[in-house]
Amino acid sequence: DGGITQSPKYLFRKEGQNVTLSCEQNLNHDAMYWYRQDPGQGLRLIYYSQIVNDFQKGDIAEGYSVSREKKESFPLTVTSAQKNPTAFYLCASSISREAFFGQGTRLTVV
Amino acid sequence: RKEVEQDPGPFNVPEGATVAFNCTYSNSASQSFFWYRQDCRKEPKLLMSVYSSGNEDGRFTAQLNRASQYISLLIRDSKLSDSATYLCVVNSGGRRALTFGSGTRLQVQP
């Protein structure tokens, strides 16, 4: 079945460590996105990519990095520079207007 | 001013009630509008797109008012299963990434 797969579902990180969240899609979508959601809040855009080998900062890119070496993959690295990384991270892809989401990764810093 | 604003609720309504949510957006150049539904600790899923002429899908009706820059969602004959957070989503065209409101929480009670 086509879809977006995020892994892992739950992730625990020690302070000061970098961690990479995986996002893979087999929908043949050009555009991919990373959002962050905090409790009781909406989704905030971290990074997005409209095409392979190109990506743009969203509203809260500081402390994060991405790569888009393949159409299917858009991994997000949460670096030690991100001061408050505990959140629910959602990856999405789209080919026109509608976005399809993965099931999300809950990152907790311990 | 936030780009997309919603009343966070919660809206507590009895089964069978009609409930309406409004959402305002600040960018007059916005081109596409959507309502997404998000269940607790899950990813958002598209409920319906919002067209200029208004559109209906079963018990759900969406309206767009470009002059006043708001969109609305009307739910008739509320069901217990309608309990969720409803996210107003706007595509402002320029960067072709969706901007999410904070969501309105609906709780339908028996």
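All residue numbers refer to positions counted from 1 along the written sequence of the respective chain. For naming, the first written chain is A and the first written ligand is 1, with later ones following in the order written. This being a predicted model, a pLDDT of at least 70 is required before a residue's local features are given, and a value of 80 or more before pairs of side-chain atoms are given or counted; all residues contribute to the totals for chains, interfaces and linings. Hydrogens and water molecules were not included; the side-chain quantities draw on all heavy atoms of the structure.

1. Details of the overall build of chain A
Strands here mean DSSP runs of E at least two residues long; helices mean DSSP runs of H or I at least four residues long; both are numbered from the N terminus. The secondary structure content of chain A amounts to zero helices and 11 strands. Walking chain A from its N terminus toward its C terminus, one meets helices and strands in the order β-β-β-β-β-β-β-β-β-β-β. This radius of gyration counts C-alpha atoms alone. The globule rule is 2.2 Å times how many residues there are, raised to the power 0.38. Computed over its C-alpha atoms, the radius of gyration of chain A comes to 13 Å, within 12% of the 13 Å expected for a compact globule of 110 residues. Taking the principal axes of its C-alpha atoms as reference, chain A extends roughly 35 × 25 × 20 Å. Here the term buried applies to any residue with accessible area under 20% of the maximum for its type, exposed to any over 50%, and partly exposed to those in between, with areas from a 1.4 Å probe on protein chains only. The 110 residues of chain A split such that 50% are buried. Here, two residues are considered to be in contact whenever any of their heavy atoms come within 4.5 Å of each other. For chain A, contacts bridging at least 24 residues in sequence account for 51% of all contacts bridging at least 6. Accessible surface, chain A: about 5,500 Å² in total, of which carbon and sulfur atoms supply 46%. By the counting scheme adopted, Arg and Lys are positive, Glu and Asp are negative, and His together with the chain ends is not counted. Charged groups are reduced to one reference atom each: NZ for lysine, CZ for arginine, CG for aspartic acid, CD for glutamic acid. The average position of the 12 basic charges and that of the 11 acidic charges among the side chains of chain A differ by 6 Å. Only the protein chains shown count as cover for residues, with accessible areas throughout obtained via the Shrake-Rupley method and a probe of 1.4 Å.

2. Notes on unusual backbone geometry
In the segment running from Ser7(A) into Pro8(A), the intervening peptide bond is cis, with an omega of -10°. Examined against the element boundaries, Pro8(A) turns out to sit in the loop between β1 (4–7) and β2 (10–13). Phi is positive for Asn53(A), which is not a glycine, with a value near 65°. Residue position: Asn53(A) is located in the loop between β5 (43–51) and β6 (54–57). A residue is classified by how much of its surface remains accessible, and Asn53(A), at 62% relative accessible area, is exposed. The phi dihedral of Arg41(B) is positive, around 65°, even though this residue is not glycine.

Shape is all these values report; function is a separate question.
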